[in-house]
Amino acid sequence: MKRIAVLTSGGDSPGMNAALRAVVRNGIEHDMEVFAVHSGYEGLIDNKFERMSRRSVADTLQRGGTIIKTARSKRFHDPENRKIAYKNLEKLKIEGLVVIGGNGSLEGARILSEESGILVMGLPGTIDNDLAYTDYTIGFDTAVNTVLDAITKIRDTSSSHDRSTVIEVMGRHCGDIALYSGIAGGAEVVLLPEVEMPLEEVVEKVKEGIECGKLHNIIIKAEGYPVSSQELIRVLKKETGQDVKLVVLSYLQRGGSPTFRDRMLATDCGMMAVELLSQGIGNRAIGEVNGKIVHLDLAKALKAKRSLREELFQEIHILSK
Ligand code: F6P
């Protein structure tokens, strides 16, 4: 394989640049010409290719975001636009494409490969940790550490004022950021899109905390939990009589210098993607399972169903008493 391309797609995540760097440098090491596609699938349609050198990715390993930009491309859902993208890849004689992104982005890679015959590699680039085939996604560890830093700071002020604080974190359908930061951050309550917890139960838990002399209550709420943060605050204030504050971490979780774990995961996945393409192997999803970097059939990987780690959720109930 002589010419490959690489793109980042969907919500950006810390570590995407580390993965890009590994793809570029290992590709050049394998005597390949490596092209970056700017702005994800939008750039594929708009023919935004850049020939990369080793120096193109200098001083990027430690940077969050993605130097080749990303996008959520609605246009790529249109088969006519996909045909334009395939022609652009054909003109450059691109034989392999590495896609770094979440569920939707890797699904786009599967369709592209099916329709164009170009071999693809899917790398799990999203802070959500919502790809079932891999234990962790690139960016998840950094996002959780960002939330932990916020919890530590909020814990200081909440305990100074005997307050409860609701911290809203990202995760529309997957509550892993809330779940893992809730356990590691010592939250009293964790609210997830995957677990039904009526408001009455939330109020009960906070009241129990106050009665047993807790200095403060930290409630971590994934944005996908079906009750709005404003409504949650209103009910908690009314039912507990406490001053309850809201902190929405929002896009803070998407930025920041990637942690050691995310840099390693990203680099290992990027290196493997090029190794496989250099052997003419394609249509694989790359990730980490039980501490090992693995590659699986892309279509099968995307069909895998996520299940919440119930035992972790139960731990919170025990540890927060
Ligand atoms: O998919 C990652 C993610 O950060 C989600 O956690 C969040 O709900 C969504 O992206 C936000 O999307 P956008 O960046 O398009 O506003």
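Per chain, residues are indexed from 1 in the order of the written sequence. With the structure being a predicted model, the display of local features is reserved for residues of pLDDT at least 70 and the display and counting of side-chain atom pairs for 80 or more, all residues being used for whole-chain, interface and lining totals. For side-chain calculations, the full set of non-hydrogen atoms in the structure is used, while hydrogens and water are omitted.

Visitor: What is the right way to look at helix 9 (residues 260–278) in this model?
Guide: Because each turn of an α-helix spans 3.6 residues, side chains separated by three or four positions in sequence point in the same direction. Per the convention used, a helix needs a DSSP run of H or I reaching at least four residues, while a strand needs a run of E reaching at least two, with both numbered from the N terminus. In this scheme, a helix's expected span is set at 1.5 Å multiplied by one less than its residue total. When the terminal C-alpha atoms of helix 9 are compared, their 27 Å separation across 19 residues agrees well with the 27 Å that a helix rising 1.5 Å per residue should span. For helix 9, the complete set of buried residues consists of Asp 262, Leu 265, Ala 266, Thr 267, Cys 269, Gly 270, Ala 273, Val 274, Leu 276 and Leu 277. Where helix 9 terminates, the next one or two residues include Gly 280, which has phi positive at roughly 75 degrees. Residue exposure (1.4 Å probe, protein chains only): buried if accessible area is under 20% of the type maximum, exposed if over 50%, otherwise partly exposed.

Visitor: Please clarify how the domain arrangement of the protein chain should be interpreted in this entry.
Guide: By convention, interface size is frequently given as the accessible area that disappears when the constituent parts associate. Where each domain begins and ends is defined by an automated method or by a domain database. For the protein chain, the assigned domains are domain 1 (3–139 + 258–303) and domain 2 (142–254). Relative to domain 2, the C-alpha centre of domain 1 lies at a distance of 34 Å. On the domain 2 side, the residues contacting the 13 residues of domain 1 number ten residues. With both chains or domains summed, domain 1 and domain 2 bury close to 950 Å², and 50% of this area falls on carbon and sulfur atoms. Throughout, buried area stands for the accessible area (probe radius 1.4 Å) lost by two parts on being put together, summed over both. Looking at the side of domain 1 facing domain 2, the largest losses of area belong to Asp 12, Ile 127 and Asp 128, adding up to 44% of the total buried there. Here a salt bridge means any side-chain nitrogen of Lys or Arg lying within 4 Å of a carboxyl oxygen belonging to Asp or Glu. Taken together, the links from domain 1 to domain 2 amount to one salt bridge. A salt bridge links Asp 12 to Arg 254; the nearest nitrogen and oxygen atoms lie 2.7 Å apart. Polar contacts, as used here, are pairs of N or O atoms within 3.5 Å; protein pairs need one atom able to donate a hydrogen and one able to accept it. Residues neighboring in sequence count only if both atoms are side-chain atoms. Across the domain 1-domain 2 interface, the total number found is six residue pairs in polar contact (both at pLDDT 80 or more). Contacts are assigned to residue pairs that have any heavy atoms within 4.5 Å of one another.

Visitor: What should I look at first to understand the pattern of salt bridges in this one?
Guide: Two side chains of opposite charge can pair, provided their charged atoms sit close to one another. Taken as a whole, this structure holds 20 salt bridges when the rule is applied. A salt bridge links Arg 75 to Glu 42; its shortest N-O distance comes to 3.3 Å. Here Glu 42 lies in helix 2 (residues 40–45) and Arg 75 lies in the loop between strand 3 (49–51) and helix 3 (79–91), a separation of 33 residues in the sequence. Across the pair Arg 75 and Asp 46 runs a salt bridge whose closest N-O atoms are separated by 2.7 Å. Placement of Arg 75 in the loop between strand 3 and helix 3 and of Asp 46 in the loop between helix 2 and strand 3 is noted, with a sequence separation of 29 residues between them. Under the relative-accessibility criterion, Asp 46 is labelled partly exposed at 37%. If you follow the salt bridges from partner to partner, you end up with Arg 3, Glu 33 and Arg 51 in one network.

Visitor: What am I meant to see in the nonpolar core here?
Guide: Side-chain atoms within 4.5 Å link the members of a nonpolar core, which is a set of buried Ala, Val, Leu, Ile, Met, Phe, Trp, Tyr and Cys residues. Membership of the largest hydrophobic core comes to 44 residues, with the highest contact counts inside it found for Ile 220 and Leu 236. Mapped by element, the contributors of at least two residues to this core are helix 5 (140–160), strand 6 (164–169), helix 6 (176–184), strand 7 (189–191), helix 7 (199–211), strand 8 (217–222), helix 8 (229–240) and helix 11 (310–319). Per-element tally for this core: the top contributor is helix 5, with eight residues. Those residues within four positions of Leu 236 in sequence are excluded, and the remaining contacts are Val 166, Val 202, Val 203, Val 206, Ile 219, Gly 241 and Val 244. Val 6, Ala 19, Val 34 and Val 274 belong to the second-largest nonpolar core, a separate cluster that totals 28 residues.

Visitor: When you look at the packing of helix 7 against helix 8 in this model, what are you seeing that I'm missing?
Guide: Each packed pair of helices is defined by two parameters, the angle between the axes and the distance between the axes. Think of each axis as a best-fit line through the C-alpha atoms, taken over the contacting stretch in the case of a helix, with angles from 0 to 180 degrees between the N-to-C directions. Viewed as axis vectors pointing N to C, helix 7 and helix 8 meet at an angle of 50 degrees, and their least axial separation amounts to 10 Å. When the interaxial angle is binned, helix 7 and helix 8 end up oblique. Crossing geometry of helix 7 relative to helix 8 is assigned as right-handed. On helix 8, the residues touching Leu 199, Val 202, Val 203, Val 206, Lys 207 and Ile 210 of helix 7 are Glu 231, Leu 232, Val 235, Leu 236, Glu 239 and Thr 240. Residues are grouped as follows: nonpolar covers Ala, Val, Leu, Ile, Met, Phe, Trp, Tyr, Cys and Pro; charged covers Asp, Glu, Lys and Arg; every other residue, Gly included, is treated as polar. For the contact of helix 7 with helix 8, a count of residues per class yields eight nonpolar, one polar and three charged. Put simply, angles under 35 degrees are roughly parallel, angles over 145 are roughly antiparallel, angles from 65 to 115 are roughly perpendicular, and the rest are oblique. Two helices cross in a left-handed way if the nearer one is turned anticlockwise from the farther one by less than a right angle. They cross in a right-handed way if the turn is clockwise.

Visitor: Explain helix 3 to me, please; I cannot follow it from the model alone.
Guide: Helix length check: helix 3, at 13 residues, gives a terminal C-alpha distance of 18 Å against a target of 18 Å (1.5 Å per residue), a fit within 8%. Taken together, the buried positions of helix 3 are Asn 81, Arg 82, Ala 85, Tyr 86, Asn 88 and Leu 89. The arc that holds the buried residues of helix 3, viewed along the axis, is 155 degrees, so those residues lie on one side. Of the exposed residues in helix 3, those oriented more than 90 degrees away from the buried face are Lys 87, Glu 90 and Lys 91. The backbone nitrogen of Glu 80 has a side-chain oxygen 2.7 Å away, supplied by the residue at the start of helix 3, namely Asp 78. Looking one or two places after helix 3, you find Lys 93, whose phi comes out positive at around 60 degrees. By arc we mean the arc of the directions from the helix axis to the C-beta atoms, nothing more.

Visitor: Just to check I follow, could you spell out the pairing of strand 1 (residues 3–8) for this structure?
Guide: Two faces, one strand: in a regular strand the side chains alternate between the faces of the sheet. Most of strand 1 sits inside the fold, with five of its six residues counted as buried. As paired elements, strand 1 and strand 2 (residues 33–37) share five bridges and run parallel to each other. Note on strand 2: the bridge partner recorded for Ala 5 is Phe 35. Assessed by its sense of winding, the connection that carries the chain from strand 1 through helix 1 (residues 16–29) to strand 2 is right-handed. Any two strands with at least two DSSP bridges between them are considered paired. Across five bridges, strand 1 lies against strand 4 (residues 96–101) in parallel orientation. Looking at the pairing, Ala 5 lines up with Leu 97 of strand 4. By convention, a crossover is right-handed whenever its connection, traced from the first strand over the helix to the second and viewed with the strands pointing away, goes clockwise.

Visitor: Explanation requested: the pairing of strand 4 in the structure shown.
Guide: Of all the six residues making up strand 4, six are buried; the element is thus mostly covered by neighbouring parts of the structure. Side chains Gly 96, Val 98 and Ile 100 project from strand 4 onto one buried face, and the interleaved Leu 97, Val 99 and Gly 101 project onto a second face that is buried too. Both strand 4 and strand 5 (residues 119–124) contribute to a ladder of six bridges, which runs parallel. Across the sheet, residue Leu 97 finds its bridge partner in strand 5, namely Val 120. In this fold, the crossover linking strand 4 to strand 5 by way of helix 4 (residues 103–116) has right-handed handedness.

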